[in-house]
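Observations on chain architecture
Read off the chains here:
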Amino acid sequence: MASPPSALHVDHVIVGAGFAGLCAAIKLQEDGETDFVVLEKGADVGGTWRDNTYPGATCDVPSQLYSFSFAAYDWPSSYSPQPDIQAYIKKVAEESGTLDRFVFDTAVEDAAWDDATQRWTVRTSGGTWVSKTLVVGAGGLSAPKLPELEGLETFQGEVFHSARWDHDVDLAGKRVAVIGTGASAIQIVPELQRTLQATGGHLDVYQRTAPWIIPRNDRTYGTLERTALRRLPGLQKLYRTGLYWAHEAYVPAFTIEPRMAAPARKVALKNIEKGIKDPQLRAKVTPDFAFGCKRVLRSNTYYPALDADNTELVTDPIVKVTGNAIVTADGVEREIDVLVVATGFYTTELPITEHLTGRTGRTLAERWRETGMAAYKGTTVPEFPNLFLLVGPNTGQGHTSMIFIIEAQVAYLRDALRRLRSEGLSSLEPTQEVTDRWNRSLQKRMGRTVWTTGGCQSWYLDAHGRNTTLWPRSTVDFRRRLASFDADAYQEVSPHEGDTVKVTQ
Ligand SMILES: Cc1cc2nc3c(=O)[nH]c(=O)nc-3n(C[C@H](O)[C@H](O)[C@H](O)COP(=O)(O)OP(=O)(O)OC[C@H]3O[C@@H](n4cnc5c(N)ncnc54)[C@H](O)[C@@H]3O)c2cc1C
């Protein structure tokens, strides 16, 4: 792709202003790599936490762990609601001194590597940038996915995705349907149920698969505890470390021996018993697959909301949507005014990959349609020099904070940039051989995990049933493997000859 004369030249283009893009910006600046832009299609920082404003939106990981290790905060509660996390991201961004390099309302439309110039040309809705490196933090759960339902487009009422909540819609006294029972839905349902109960409205919840749900030990911090955590940074660090290891304790049950999850499964079953009186409803919400196979959710209020008089849990499959109703396989037609679609995101076919073109002229999506989503260390990809994916393939977590992973990946990125600088290189990309080896080992390990053996269908799996989203080991292991840049795994190109100067394998 030839760059227009008006193109702006920078060392690094970062895509996305969520936790990942912001972390990259802050850490690059710390290293003196200040010639970068962060291109963000939204109007603000925040990513997930800017977009998901649905009622009840809350983090599933405790606040001290779901935050940057280098930016402590005065968290009001143990599990932060969306507004608190968004406020945190904004504060960190403002205090970092990087915001002047963020370009908002600017969507990356395509980016292509030019081998002759050893540069990325990044075309956006607001101009073109040319850069040495491209850091993509476009989010793994960022592009909302609508269900393929017959007649959905004919529905005459209000319809919106959970990640694009329409706050202008007045729900008072309405008949509302929620499709989906995943992480977002189980937070939305209790809030909707309460609002609708107070106003004479009704809620239908459409469930395809019942998730495992454990209680959420959520609480607002007392004044003393909050003051201590704020005033004593060492205490907050200690607290974070304790939380980290408590979450990491889930890893063996998910990745080695699912039977180790027996105590947690018991807790989840008790949660059902406690929240629901009706035995038939209890049976409907009891999962028929191994604990951990799908993401384990946390809620104290979901089951009571399903058990309430103004809620119906519908488990018959949806056949179609009409102008004013949902029709299920048993022939029942339930009239509704508002339809909330909480059916998740594109996770294994990321939209941005259709628009990233490597040195061979293939897009990343074309490459991945052949191989499945796969990268080296979840971060770099053969044929795509100087491309760094944050929250790339097989970096996801079912049990702990994604921010830990983002920080590990950014540490690897920094080390790669140091290598480029110190050796005077113009580009590097992982060899195919080392990438294949990495993914073979990863998928072999995946075969042992509960995500493969647990008997469920989940958004972790791609169309071929391969888990290309989760990391099948501990996060300690992930961080160790990405702790320093392993030049031996890379093909490196010097600036002058444009030749490959080193291929070590
Ligand atoms: C409802 C919800 C709850 C979650 N809860 C948890 C949790 O409890 N614990 C946990 O660890 N994780 C959770 N996650 C995962 C969460 O996405 C990550 O923790 C983290 O926020 C990812 O940050 P990110 O920067 O990688 O992506 P995002 O936050 O998704 O940011 C990506 C950014 O890239 C921008 N972008 C995308 N494409 C383009 C383009 N073409 N051009 C320009 N900009 C673009 C987007 O607008 C967005 O701002 C949750 C996700 C969701 C959706």
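Look above for the structure.
What comes next concerns the included structure. None of these values were measured; they are calculated from a predicted model. Position numbers for residues count from 1 along each chain, tracking the sequence in the order it is written. Note on the predicted model: pLDDT of at least 70 is required for a residue's local features to be given, and 80 or more for side-chain atom pairs to be given and counted; whole-chain, interface and lining totals, by contrast, use all residues. Each side-chain value is derived from all of the structure's non-hydrogen atoms; neither hydrogens nor water enter the calculation.

Some details on the nonpolar core
A general trend in soluble globular proteins is that nonpolar side chains are found buried together. The condition that has to hold: We call a set of buried Ala, Val, Leu, Ile, Met, Phe, Trp, Tyr and Cys residues a nonpolar core when their side-chain atoms join them within 4.5 Å. Note on exposure labels: buried denotes an accessible area under 20% of the residue type's maximum, exposed denotes more than 50%, and partly exposed covers the range between, all computed with a 1.4 Å probe on protein chains only.
Counting residues in hydrophobic clusters, the biggest one holds 77 residues, and the most contacted among them are Phe19, Phe68, Tyr88 and Phe291. Within the second largest apolar cluster, 30 residues are counted, among which are Ala185, Leu281, Leu297 and Val340.

Side note on the site of the ligand
Applicable threshold: Proximity is defined per residue: if any heavy atom of the residue lies within 4 Å of a molecule or strand, that residue is considered near it. The definition of a polar contact used here is a pair of N or O atoms within 3.5 Å, where within protein one atom must be able to donate a hydrogen and the other to accept one, and adjacent residues in sequence count solely through side-chain atom pairs. Here the open area of atoms and residues is found with the Shrake-Rupley method and a 1.4 Å probe, where only the protein chains shown may cover a residue. Under the DSSP-based scheme used, a helix requires at least four consecutive residues in state H or I and a strand at least two consecutive residues in state E, with every element numbered from the N terminus. Residues are grouped as follows: Ala, Val, Leu, Ile, Met, Phe, Trp, Tyr, Cys and Pro are nonpolar; Asp, Glu, Lys and Arg are charged; all remaining types, including Gly, are polar.
Among the 35 residues in the neighbourhood of the ligand, the closest are listed as Glu40, Thr48, Asp60, Tyr66 and Met402. With respect to the ligand, the side chain of Thr48 contributes an N or O atom lying 2.7 Å from an oxygen atom. Measuring from a nitrogen atom of the ligand, one finds a backbone N or O atom of Val108 at 2.8 Å. The fraction of the free accessible surface of the ligand (990 Å²) that becomes covered by protein chains is 94%. Looking at the shell around the ligand, the element that brings in the most residues is helix H2 (residues 48–51), giving 3 residues. The class makeup of the residues in the shell around the ligand is 18 nonpolar, 12 polar and 5 charged.

Observations concerning the state of the cysteines
Selection criterion: Pairs of cysteine sulfur atoms within 2.5 Å are what we label disulfides.
Counted under the stated rule, the structure contains 1 disulfide. Its sulfur unpaired, Cys23 is 16 Å from the next cysteine sulfur, which belongs to Cys59. Taking relative accessible area as the criterion, Cys23 reaches 1% and is therefore assigned buried. Here Cys59 falls in the buried class, since its relative accessible area comes to 4%.

With respect to the pairing of strand E20 (residues 490–493)
Filter applied, for reference: For two strands to count as paired, DSSP must find a minimum of two bridges between them.
Covered by surrounding structure in E20 are Tyr490 and Glu492 together with Gln491 and Val493, the residues of both alternating faces. Sheet topology places strand E19 (residues 427–430) next to E20; 4 bridges connect them, and they run antiparallel. Paired with Ser427 across the two strands is Val493, which belongs to E20.

Some remarks on helix H11 (residues 364–371)
Put simply, the rule reads: The arc in question is the one traced by the directions running from the helix axis out to the C-beta atoms. We call two residues contacting when some pair of their heavy atoms lies within 4.5 Å.
For H11, the complete set of buried residues consists of Leu364, Ala365, Arg367 and Trp368. The arc that holds every buried residue of H11, seen down its axis, measures 155°, which confines them to one face. Residues Arg369 and Glu370 are exposed on H11 and point more than 90 degrees away from its buried face. Packing partners of the buried residues in H11 comprise strand E17 (356–357), strand E18 (387–389) and helix H13 (432–446). The first or second residue beyond H11 is Gly372, which carries a positive phi of 80°.

Quick notes on empty space enclosed by the protein
Selection criterion: Whether a set of points on the 1 Å grid over the protein atoms alone is a cavity depends on a 1.4 Å probe fitting there but being unable to get out, while an open set qualifies as a pocket with protein on both sides within 12 Å along at least five of seven lines; lining residues are those with an atom within 4 Å of a point. Grid points are joined across faces, edges and corners, and a volume is the space filled by probe spheres set on the points.
Under the criterion given, the structure shown has 5 cavities of 30 Å³ or more. Taken as a whole, the largest cavity spans an internal volume of roughly 140 Å³. Taken together, 13 residues line the largest cavity, and the ones lying closest to its centre are Tyr250, Val296, Arg298, Gly398 and His399. Its boundaries defined by the atoms lining it, the second largest cavity holds a volume of some 110 Å³. Lining the second largest cavity are 15 residues, and of these Val136, Leu350, Leu389, Leu390 and Val391 sit closest to its centre. Among the residues forming the lining of the second largest cavity, the class breakdown is 11 nonpolar, 4 polar and no charged.

Topic: the sheet that holds strand E7 (residues 158–161)
Quick reminder of the rule: Whenever a helix is involved, its axis is fitted only over the stretch in contact; in every case the axis is a line through C-alpha atoms, and angles between N-to-C directions fall within 0 to 180 degrees.
Strand order in the open sheet formed by 5 strands is E7-E16-E8-E9-E12, with parallel pairing between adjacent strands. In the strand order of this sheet, the two ends are held by E7 and strand E12 (311–314), each with one partner. The mean angle between the axes of side-by-side strands here comes to 15°, regardless of whether they run parallel or antiparallel.

Thoughts on the packing of aromatic side chains
Rules: Stacked, tilted and edge-to-face are the three classes applied to pairs of Phe, Tyr and Trp rings, where Trp contributes its six-membered ring and a pair requires centres within 6.5 Å; stacked means planes under 30 degrees apart, edge-to-face means over 60, and tilted covers the rest.
Applying the stated criterion across every chain yields a total of 26 aromatic pairs. Ring plane angle 40° and centroid distance 6.3 Å describe the contact between Phe19 and Tyr88, whose orientation is recorded as tilted. Of this pair, Phe19 sits in helix H1 (residues 19–30) while Tyr88 sits in helix H3 (residues 82–96), and the two are 69 residues apart along the sequence. Of the two residues, Phe19 and Tyr88, both sit in the buried class. Members of the aromatic cluster, each reached through a chain of ring pairs, are Phe19, Trp49, Tyr66, Phe68, Phe70, Tyr73, Trp75 and Tyr88.

Topic: the sheet that holds strand E13 (residues 318–321)
Taking strand neighbours across the sheet as the criterion, the 3 strands line up as E13-E14-E15 in an open arrangement whose pairing is antiparallel. The sheet is open, and its two borders are formed by E13 and strand E15 (333–335), each paired with just one other strand. Pairwise comparison of adjacent strand axes, ignoring direction, gives a mean angle of 25° for this sheet. As judged from the 3 bridges shared by strand E14 (residues 325–328) and E15, these two strands associate in the antiparallel manner. Each bridged residue has a counterpart across the sheet, and for Val327 the counterpart in E15 is Glu333.

Focus on the packing of H1 against H3
Quick reminder of the rule: Here the word oblique covers every angle except those under 35 degrees (roughly parallel), over 145 (roughly antiparallel) and from 65 to 115 (roughly perpendicular). Less than a right angle of anticlockwise turn of the near helix away from the far helix marks a crossing as left-handed, whereas a clockwise turn marks it as right-handed.
Two elements in contact, H1 and H3, have axes whose closest approach is 11 Å; the angle formed by their N-to-C orientations is 20°. It follows that H1 is roughly parallel to H3 by the angle criterion. H1 and H3 meet at a crossing whose hand is left-handed. Packed against H1, whose contacting residues are Phe19, Leu22, Ile26 and Gln29, the element H3 presents Ile85, Tyr88, Ile89, Val92, Ala93 and Ser96 at the interface. Classifying every residue of the contact of H1 with H3 by side-chain character gives 8 nonpolar, 2 polar and no charged.

Concerning the side chain of Ser78
Take Ser78: it is sitting in the loop between H2 and H3. Looking at Ser78, the relative accessible area reads 6%, which means it is buried. Among the polar contacts made by the side chain of Ser78, one reaches the main-chain carbonyl oxygen of Asn217 at a distance of 3.4 Å. Dropping the residues within four chain positions of it, Ser78 is found in contact with Pro62, Ser63, Asn217, Asp218, Arg219 and Tyr221.

Read these as spatial facts, not as claims about activity.
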